[in-house]
Amino acid sequence: HPAEVDGLKCQRLLAQAELSRTRNEWDHERSLYERLIAQDQANPRDYLRLAEIQTRQRAFDEAIASARTALALNPDAPERHVAYAHLGHVFMWKKQWGNAQAMFRRAVEIDPSYGPPWTGLAKSSMRLGHVELAREAWREGFRHTHDLNALGRLGLSYESAADGREAMRDLLEEVKTGTPKGSTDWEPYERLVAHGVYEELAAQLLTINLERMIHAVTTQGSRLALLTYPNWPKNAWINQVIRQVAA
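Residues numbered from 1 in each chain as written. Predicted model: local features only at pLDDT ≥ 70, side-chain atom pairs only at ≥ 80, totals over all residues. Heavy atoms only, no water.

Caption draft 1: Spatial organisation of the packing of helix H6 (residues 97–110) against helix H7 (residues 116–127). Contact geometry of H6 with H7 gives a least axis separation of 8 Å together with a crossing angle of 150°. Classed by the angle they form, the pair H6 and H7 counts as roughly antiparallel. Once H6 is placed against H7, the crossing between them reads as left-handed. Along the contact surface, H6 presents Trp97, Ala100, Gln101, Phe104, Arg105, Ala107 and Val108, while H7 presents Pro117, Trp118, Gly120, Leu121, Ser124, Ser125 and Arg127. Taken together, the residues of the contact of H6 with H7 break down into eight nonpolar, four polar and two charged. (Axes fitted to C-alpha atoms, helices over the stretch in contact; angles between N-to-C directions. Helix = DSSP H or I, 4+ residues; strand = E, 2+ residues; numbered from the N terminus. Parallel < 35°, antiparallel > 145°, perpendicular 65-115°, else oblique. Left-handed = near helix turned anticlockwise from the far one by under 90°. Contact = heavy atoms within 4.5 Å. Nonpolar A, V, L, I, M, F, W, Y, C, P; charged D, E, K, R; others polar.)

As structure tokens, then:
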């Protein structure tokens with residue numbers, strides 16, 4: 001049965017590719033996915049994974065071609081928003097801000113709950129000088145994902161500290177009734193504290209985030225386990241807030 005033999009061969013190649021991925025062996029993983037595609041040229045997921053590898057290798061034009069092939073093979077695939085988001089990131093690397101903005105916008109139209117393209121849409125819009133569009137992307141991204149980093153970046157987009165604080169406080173009211181996502185991206189908090197006037201609000205945001213993360217880093221709900229979590233940043237202010245939450 002040739003079909004069964006081909007299926008087993010593809011499974012072996014896929015297993016080898018996954019192993020290469022864990023080892024960060026991009027060249028080897030790429031060659032394996034190219035062999036997979038040679039076996040089955042109709043699998044959009046193989047093309048999308050190949051696009052991700054090509055992006056890591058800075059082969060941007062090839063990555064764009066692979067992602068577009070994945071979309072062409074199955075324009076209605078449930079995960080097509082990931083392909084559009086990936087195209088957006090590649091265009092950001094190429095500094096083609098307009099193309100990036102268009103791809104990110106398509107991604108959030110398909111699945112508003114997928115967070116990365118909201119950030120990409122905001123950043124590409126800022127690059128184009130579309131400040132209000134960027135702020136709306138951060139707002140919508142926060143509304144759909146409750147990602148506190150989007151809230152912090154919204155505040156930092158204002159030249160006036162008072163305006164930024166007011167914008168964040170308005171959205172912070174939505175956090176109180178929503179479910180904020182835990183995150184180990186500390187940059188927004190650190191930048192808010194650097195502005196001085198945002199320190200109180202940054203503390204509120206970080207405390208909410210830490211409370212949400214407790215269940216992810218403890219087995220018994222022990223707050224003291226927060227102090228030994230390996231991914232905390234080496235930042236005195238943040239560690240002070242952590243100790244207050246853990247107390």
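Caption draft 2: How the structure looks around the side chain of histidine 86. With respect to the helices and strands, the residue histidine 86 is situated in helix H5 (residues 80–93). Residue class for histidine 86 comes out buried when judged on its relative accessible area of 13%. A distance of 2.8 Å separates a polar atom in the side chain of histidine 86 from a polar atom in the side chain of threonine 55. Apart from the residues lying within four places of it in its own chain, the contact partners of histidine 86 are Leu48, Ala51, Glu52 and Thr55. (Buried < 20%, exposed > 50% of the residue type's maximum accessible area, 1.4 Å probe, protein only. Polar contact = N/O pair within 3.5 Å; in protein donor to acceptor, adjacent residues only side chain to side chain.)

Caption draft 3: Expanded view of helix H3 (residues 44–56). The end-to-end C-alpha distance of H3, which contains 13 residues, comes to 19 Å, matching closely the 18 Å that a straight helix rising 1.5 Å per residue would cover. Of all 13 residues in H3, ten are buried; the element is thus mostly enclosed. Within H3, burial applies to Pro44, Asp46, Tyr47, Leu48, Arg49, Leu50, Ala51, Ile53, Gln54 and Thr55. N-capping of H3 is provided by asparagine 43, with a side-chain oxygen placed 3.0 Å from the backbone N of arginine 45. Directly beyond the C-terminal end of H3, a positive phi value near 65° is found at arginine 58. (Expected span 1.5 Å × (residues − 1).)

Caption draft 4: The arrangement of the packing of H7 against helix H8 (residues 131–145) in detail. Running from N to C, H7 and H8 cross one another at 170°; their axes reach a closest spacing of 7 Å. Comparing the axis directions of H7 and H8 gives the class roughly antiparallel. Counting all contacts with H7, which are made through Trp118, Leu121, Ala122, Ser125 and Met126, the residues of H8 involved are Val131, Leu133, Ala134, Ala137, Trp138, Glu140, Gly141, His144 and Thr145. When its residues are assigned to classes, the contact of H7 with H8 shows nine nonpolar, four polar and one charged.

Caption draft 5: Expanded view of the packing of aromatic side chains. Evaluation of the coordinates by the stated rule reveals one aromatic pair. It is arginine 58 that lies over the ring of tryptophan 93; its NZ or CZ is 4.1 Å from the centre. Looking at arginine 135, its charged tip hangs above the ring of tyrosine 158, at a distance of 3.7 Å from the centre. (Phe/Tyr/Trp six-rings, centres within 6.5 Å; stacked < 30°, edge-to-face > 60°. Lys NZ or Arg CZ within 6 Å of the ring centre and 35° of its normal.)

Caption draft 6: Molecular detail of the environment of leucine 50. Secondary-structure assignment places leucine 50 in helix H3. The spatial distance from the C-alpha of leucine 50 to the C-alpha of glutamate 34 is 7.6 Å, given a sequence separation of 16 residues. Filtering out sequence-adjacent residues up to four positions away, leucine 50 remains in contact with Arg30, Tyr33, Glu34, Ile37 and Ser66.

Caption draft 7: Representation of H6. The terminal C-alpha atoms of H6, which comprises 14 residues, lie 20 Å apart, in line with the 20 Å expected from a rise of 1.5 Å per residue. Restricting attention to buried positions, one finds in H6 the residues Trp97, Ala100, Gln101, Met103, Phe104, Ala107 and Val108. One side of H6 holds all its buried residues, which, seen down the axis, span an arc of 165°. Buried positions along H6 lie against H5, H7 and H8. (Arc of directions from axis to C-beta.)

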